[in-house]
Amino acid sequence: MTSNAELIARRNTTIGPYSPLFYTEPLQMVSAKGVWLTEANGDRYLDGYNNVPHVGHSNDRVVRALCKQAATLNINTRYLNSRIVDYSERLLSTFGHGLDRVFYGNSGSEANELALRIARQHTGATGLIVSDYSYHGTTISLAEMTTGLKTREPLGAHVRTLRIPDLDRDPRPEAEVLADTLAELDTAIESLQEAGFGVSACLFDPLFSTEGMPRLPEGLVPAIVSRVRAAGGLVIADEVQSGFGRTGTHLWGHDHAGMIPDLVTMGKPMGNGHPMSAVVTSEAMLDEFGSHNEFFNTFAGNPVSAAVGEAVLLEMEEEQLMQRAATLGERALVSFREFADRHDFVRTAKGSGLFLGLDFAIDGEPAPQLAKQVVEAMKKRKVLISRIGRNESVLKVRPPLAFGPQELPLLLEALDGALSEV
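On a predicted model such as this, the values are computed, not experimentally measured, just so you know.

Engineer: Please explain the pairing of strand E9 (residues 263–266) as it appears in this structure.
Structural biologist: Regular strands place their side chains on alternate faces of the sheet. Going residue by residue along E9, you find Leu 263 and Thr 265 tucked away on one face and Val 264 and Met 266 tucked away on the opposite face as well. Two strands pair when backbone bridges link them, and strand E8 (residues 234–238) and E9 are joined in this way by three bridges, in the parallel orientation. Looking at E9, one finds that Ala 237 is bridged to Val 264. Summarising the sheet, E9 and strand E10 (residues 277–281) pair through three bridges and their orientation is antiparallel. In the sheet register, Met 266 faces E10, and the bridge partner there is Ala 278.

Printed below as a string of structure tokens:
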């Protein structure tokens, strides 16, 4: 077995030392199945974090579909093939709000970039609105609107940010928080218009995951949508983290949040680790963009990707993974609330479905070090989680949807022990 120290040294001399690693002592994984990962030394870890293997690591249905199609045919969409049409029909059948057309890509970044391009061409404007602690991808356009990760690119002159409030942290009356947030949005829109950028679009994760899953004032999201549309902009929902049944109550995060988008972007869970993404929109929007652009992507929508994507949807449907997420999420949230009641450094429990968290604070101030200690203590107990939020003080528990009733007690027992330890 290659030691961690040796592997890190080789890694640093190839892909460099700046690509981040989880945990104080990184883990060297060699295999995974379902919701379990195996380290090089043979230790097994329960996956309470990774949303990319959405229907489970090395899922049999997905692997079979990939191998069978790869052994048969893999071409681009300039040739006719029923695979991409079959998958598109199945995918689009899960949407409402007139969202009935789809473009394909290979990553969430690519999908968000295309959505921004469509919005610019449709509106003739370039101004963008994002939250003041968010991340949507790695392209130049997206780096210029990244507020939740370190980037050398400064915030674009055409970008305005909005602080997403959290009623769990803000003691003011809910109506006041709502009014102030919408006033901030109005100022951002006015600023873009006065600067000559106009409003092209707003881009939000419907769960505001990177922001720490804030508890929002009632009616905030629909009001944001209404104001952006009134200013001439489009609404883009980034479903990379919130989609595919993650919330347990809705297949798509925008429905969970009460958001009616013009464009929906997705990636990661869509292919269970196979690189694929999409932009879902309306017939009118696709016709407008397609009639002015010869849009083609060599790998997007190939038969192998389509077979994989369809296998993910079939696995979700036949195993009732969204319904399972709802049941397990409700059960887990009860325990998370008990943890919050029991430990004075836990401000509140957060989440929906299989996206859960605990917000850590001491004397009302975020406590990221405590959150980090709990993450490390969970790792010691062979359970993987992470943390999020502008202060990195919110635990992030977001397992594959293949997570089942036999695994939940293991996670809760480990978390109980970790909280007591710190």
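Engineer: Honestly, the packing of helix H4 (residues 108–123) against helix H9 (residues 283–290) in this entry has me stumped. Any pointers?
Structural biologist: Helix-helix packing: each pair is described by the crossing angle between the helix axes and the interaxial distance. Here H4 crosses H9 at 80°, and the two axes come no closer than 10 Å. With respect to their mutual orientation, H4 and H9 come out roughly perpendicular. Contacts between H4 and H9 involve Leu 114, Arg 117, Ile 118, Gln 121 and His 122 from the former and Met 285, Glu 288 and Phe 289 from the latter. For the contact of H4 with H9, the residue count by class is four nonpolar, two polar and two charged.

Engineer: Before we go on, may I ask you to explain the layout of surface pockets in this structure?
Structural biologist: Over the atoms, a rolling probe the size of a water molecule traces out where space has been left empty. Approximately 620 Å³ is the volume found for the second largest pocket. Lining the second largest pocket are 26 residues, with Met 213, Pro 214, Arg 215, Leu 216 and His 256 positioned closest to its centre. Contributing elements (two or more residues each) for the lining of the second largest pocket: helix H7 (220–230), helix H8 (253–257), helix H11 (321–342) and strand E11 (346–352). The greatest single-element share of the lining of the second largest pocket, amounting to six residues, is contributed by E11. Of the residues belonging to the lining of the second largest pocket, the class tally is 15 nonpolar, five polar and six charged. Two domains share the lining of the second largest pocket, each providing at least three of its residues, namely domain 1 (4–55 + 320–421) and domain 2 (60–318).

Engineer: Help me understand the side chain of Asn 112, please; the structure alone is not making it clear to me.
Structural biologist: Within the fold, Asn 112 resides in helix H4. The residues touching Asn 112, leaving out its near neighbours within four places in the chain, are His 136, Leu 142, Leu 203, Asp 238 and Thr 265.

Engineer: How do you make sense of the nonpolar core when you look at a structure like this?
Structural biologist: In this structure, Leu 91, Met 266, Phe 336, Leu 358 and Phe 360 are the most contacted members of the largest nonpolar core, which totals 90 residues. Each of domain 1 (4–55 + 320–421) and domain 2 (60–318) contributes no fewer than three residues to this core. The contacts of Phe 360, once residues within four sequence positions are left out, are Phe 345, Val 346, Arg 347, Glu 365, Pro 366, Ala 367, Leu 370, Ala 371, Val 374, Ser 393, Leu 395 and Leu 419. Within the second largest apolar cluster, 20 residues are counted, among which are Ala 111, Ile 118, Val 130 and Val 279.

Engineer: Could you clarify how one ought to interpret empty space enclosed by the protein in this entry?
Structural biologist: As enumerated under the stated definition, the model contains two cavities of 30 Å³ or more in all. Volume-wise, the largest cavity comes out at about 40 Å³. Forming the walls of the largest cavity are Ala 332, Phe 336, Leu 354, Leu 356, Val 397, Pro 399, Phe 403, Leu 408, Leu 411 and Leu 412. Taken together, the elements giving at least two residues each to the lining of the largest cavity come down to H11 and helix H13 (408–421). With three residues, the single largest contributor to the lining of the largest cavity is H13. The computed volume of the second largest cavity comes to approximately 40 Å³. Its residues assigned to classes, the lining of the second largest cavity comprises six nonpolar, five polar and no charged.

Engineer: Looking at this structure, how should I read the domain arrangement of the protein chain?
Structural biologist: By convention, interface size is frequently given as the accessible area that disappears when the constituent parts associate. For the protein chain, the assigned domains are domain 1 (4–55 + 320–421) and domain 2 (60–318). Of the residues lining the interface, 35 residues belong to domain 1; the matching set on domain 2 comes to 37 residues. For the domain 1 and domain 2 pair, buried surface summed over both sides reaches about 2700 Å², with 52% attributable to carbon and sulfur atoms. For the pair domain 1 and domain 2, the number of links is five salt bridges. Linking Arg 390 and Asp 132 is a salt bridge whose minimum nitrogen-to-oxygen distance equals 2.6 Å. On the surface where domain 1 and domain 2 come into contact, there are 24 residue pairs in polar contact (both at pLDDT 80 or more). Residue assignment for the side of domain 1 that touches domain 2 shows that the elements contributing at least two residues are H11, E11, strand E12 (355–362) and strand E16 (394–396).

Engineer: What's the story with the sheet that holds strand E14 (residues 383–384) in this structure? I'm lost.
Structural biologist: Sheet strands line up and pair through hydrogen bonds in the backbone, either parallel or antiparallel. Taking strand neighbours across the sheet as the criterion, the four strands line up as E1-E2-E3-E14 in an open arrangement whose pairing is mixed. This sheet does not close on itself; its edge strands, each paired only once, are strand E1 (29–33) and E14. Pairing of E1 with strand E2 (residues 36–39) involves four bridges; the strand directions are antiparallel. Bridging from a neighbouring strand, Lys 33 pairs with Trp 36 of E2.

Engineer: Just to check I follow, could you spell out the pairing of E8 for this structure?
Structural biologist: Most of E8 sits inside the fold, with five of its five residues counted as buried. Along E8, one buried face is formed by Leu 234, Ile 236 and Asp 238 and the opposite face, lined by Val 235 and Ala 237, is buried too. Here strand E7 (residues 201–204) runs beside E8; their pairing, made up of four bridges, is parallel. Looking at E8, one finds that Ala 201 is bridged to Leu 234.

Procedures and definitions
Residues numbered from 1 in each chain as written. Predicted model: local features only at pLDDT ≥ 70, side-chain atom pairs only at ≥ 80, totals over all residues. Heavy atoms only, no water. Buried < 20%, exposed > 50% of the residue type's maximum accessible area, 1.4 Å probe, protein only. Helix = DSSP H or I, 4+ residues; strand = E, 2+ residues; numbered from the N terminus. Pairing = 2+ DSSP bridges. Axes fitted to C-alpha atoms, helices over the stretch in contact; angles between N-to-C directions. Parallel < 35°, antiparallel > 145°, perpendicular 65-115°, else oblique. Contact = heavy atoms within 4.5 Å. Nonpolar A, V, L, I, M, F, W, Y, C, P; charged D, E, K, R; others polar. 1 Å grid on protein atoms, 1.4 Å probe; cavity = no way out; pocket = protein on both sides within 12 Å on 5 of 7 lines; lining within 4 Å. Points joined across faces, edges and corners; volume = space filled by probe spheres on them. Domains from an automatic or database assignment. Core = buried A, V, L, I, M, F, W, Y, C linked by side-chain atoms within 4.5 Å. Buried area = accessible area lost by both parts, 1.4 Å probe. Salt bridge = Lys/Arg side-chain N within 4 Å of Asp/Glu carboxyl O. Polar contact = N/O pair within 3.5 Å; in protein donor to acceptor, adjacent residues only side chain to side chain.

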